[in-house]
Amino acid sequence: MAIERTFSIIKPDAVRRNLIGKILTKFEDGGLRPIALKKIQMTRAQAEGFYSVHKDRPFYGELVDQMIASPVIIQVLEGEGAILRNREIMGATNPANAAEGTIRKEFALSMGENSVHGSDAPETAAEEIRFFFSDDELVG
Ligand code: ADP
Ligand code: MG
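Here's what I pulled together on the structure shown here.

Once that is clear, we can look at the pattern of salt bridges. Scanning the entire structure with this criterion turns up 8 salt bridges. When the shortest N-O distance is used, the salt bridge between glutamate 78 and arginine 5 registers 2.8 Å. Taken together, the positions of glutamate 78 in strand E3 (residues 72-80) and arginine 5 in strand E1 (residues 3-10) put the pair 73 residues apart, joining distant regions of the chain. Accessibility expressed as a relative area gives 37% for arginine 5, which makes it partly exposed.

Rendered as C-alpha cells:
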C-alpha cells in the first residue's frame, strides 16, 4: 500500500477533556505519524466552509456550533494507507457502532461530539489539508 497523507481533527469535546495525548497515542501506535500539527480556535466561517458538504443536513448548525465552541487540534497524518487506517483507528461515526479499541468507542460522547474528524477519500484529504495548512507547514 502507498504512503498517504490525511487530515485529522481532535474535536473540542476531546480537547476540553484533556484527551489530546491519549488520542495521539492511538494514531502513533496505529502506524500514523503527525507531520504537521497545530492548536487553533476555529472561526464560524472556517467551520461552515470545512463542513459545507453537510450544509443541507439537519445537524449542520449544531455541528458548526460544536466545532467552534473551544479549541481543536488539527493535524496531517502520514503512513501506509493513511486515509483508511485513520478511519479504522477513529471508529464508526456513531460511537454506539464503533469497534472496541477505537477512539470513538473509548472517548466519543455522542454522534455529534465524537472526538475526531478524519478525511474519507484521497480527494477530500488533499482538499482538507490545503484548507488548513500551507505547503511549508508540512514538515514531515
Ligand atoms: P464522519 O465524521 O465519520 O466522516 P460524517 O462525515 O457523516 O461522519 O459527519 C460529519 C460529522 O457530523 C460527524 O463526525 C458528526 O460530528 C456529525 N454528525 C453526523 N451525523 C450526525 C447526526 N445524525 N447527528 C448529529 N451529528 C452528526
Ligand atoms: Mg466525514
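Moving on to the environment of alanine 82. Tracing the backbone through its elements, the reader meets alanine 82 in helix H5 (residues 82-90). Sequence separation between alanine 82 and leucine 24 is 58 residues; the distance between their C-alpha atoms is 14 Å. Every residue in contact with alanine 82, bar those within four places of it in the chain, is listed here: Glu4, Arg5, Thr6, Leu32 and Leu77.

Along an α-helix, a turn takes 3.6 residues, which lines up residues three or four apart on a common side. Taken together, the buried positions of helix H4 (residues 60-68) are Tyr60, Leu63, Val64, Gln66, Met67 and Ile68. Next to the buried residues of H4 lie E1, helix H1 (12-16), helix H3 (44-50) and E3.

This part covers the sheet that holds E3. With respect to topology, 4 strands assemble into an open sheet ordered E2-E3-E1-E4, the strand pairing being antiparallel. Every other strand in the sheet has two partners, leaving strand E2 (33-40) and strand E4 (116-118) as the edge strands with one partner each. Along the sheet, successive strands turn relative to each other by an average axial angle of 20°, direction set aside. With 8 bridges joining them, E1 and E3 adopt antiparallel strand pairing. Residue arginine 5 lies in a different strand from E3, and its bridge partner there is glutamate 78. Across the sheet, helix H7 (residues 122-132) is in contact with E1, E2, E3 and E4; its angle to E1 comes to roughly 55°.

The subject of this paragraph is the environment of glycine 31. Within the fold, glycine 31 resides in the loop between helix H2 (20-29) and E2. Judged by relative accessible area, which is 48%, glycine 31 ranks as partly exposed. Residues glycine 31 and valine 116, spaced 85 residues apart in sequence, show a C-alpha to C-alpha distance of 17 Å. Residue contacts for glycine 31: discarding those within four places in its chain leaves Glu78 and Gly79.

The gaps of empty space that remain are located by a probe, the size of a water molecule, rolled over the atoms. Of the voids in this model, the largest pocket is the one considered here, and its volume is about 650 Å³. Around the largest pocket, the lining is made up of 28 residues, and of these Tyr51, Val53, His54, Leu63 and His117 lie nearest the centre. Every element with two or more residues in the lining of the largest pocket is listed here: H3, H4, H5, E4 and H7. For the lining of the largest pocket, the leading source of residues is H7, giving 4 residues. A breakdown of the residues in the lining of the largest pocket according to their chemical character gives 9 nonpolar, 11 polar and 8 charged.

Definitions and limits used
Residues numbered from 1 in each chain as written. Chains lettered and ligands numbered in written order. Predicted model: local features only at pLDDT ≥ 70, side-chain atom pairs only at ≥ 80, totals over all residues. Heavy atoms only, no water. Salt bridge = Lys/Arg side-chain N within 4 Å of Asp/Glu carboxyl O. Helix = DSSP H or I, 4+ residues; strand = E, 2+ residues; numbered from the N terminus. Buried < 20%, exposed > 50% of the residue type's maximum accessible area, 1.4 Å probe, protein only. Contact = heavy atoms within 4.5 Å. Pairing = 2+ DSSP bridges. Axes fitted to C-alpha atoms, helices over the stretch in contact; angles between N-to-C directions. 1 Å grid on protein atoms, 1.4 Å probe; cavity = no way out; pocket = protein on both sides within 12 Å on 5 of 7 lines; lining within 4 Å. Points joined across faces, edges and corners; volume = space filled by probe spheres on them. Nonpolar A, V, L, I, M, F, W, Y, C, P; charged D, E, K, R; others polar.

As far as function goes, none of this settles anything; it's purely spatial.
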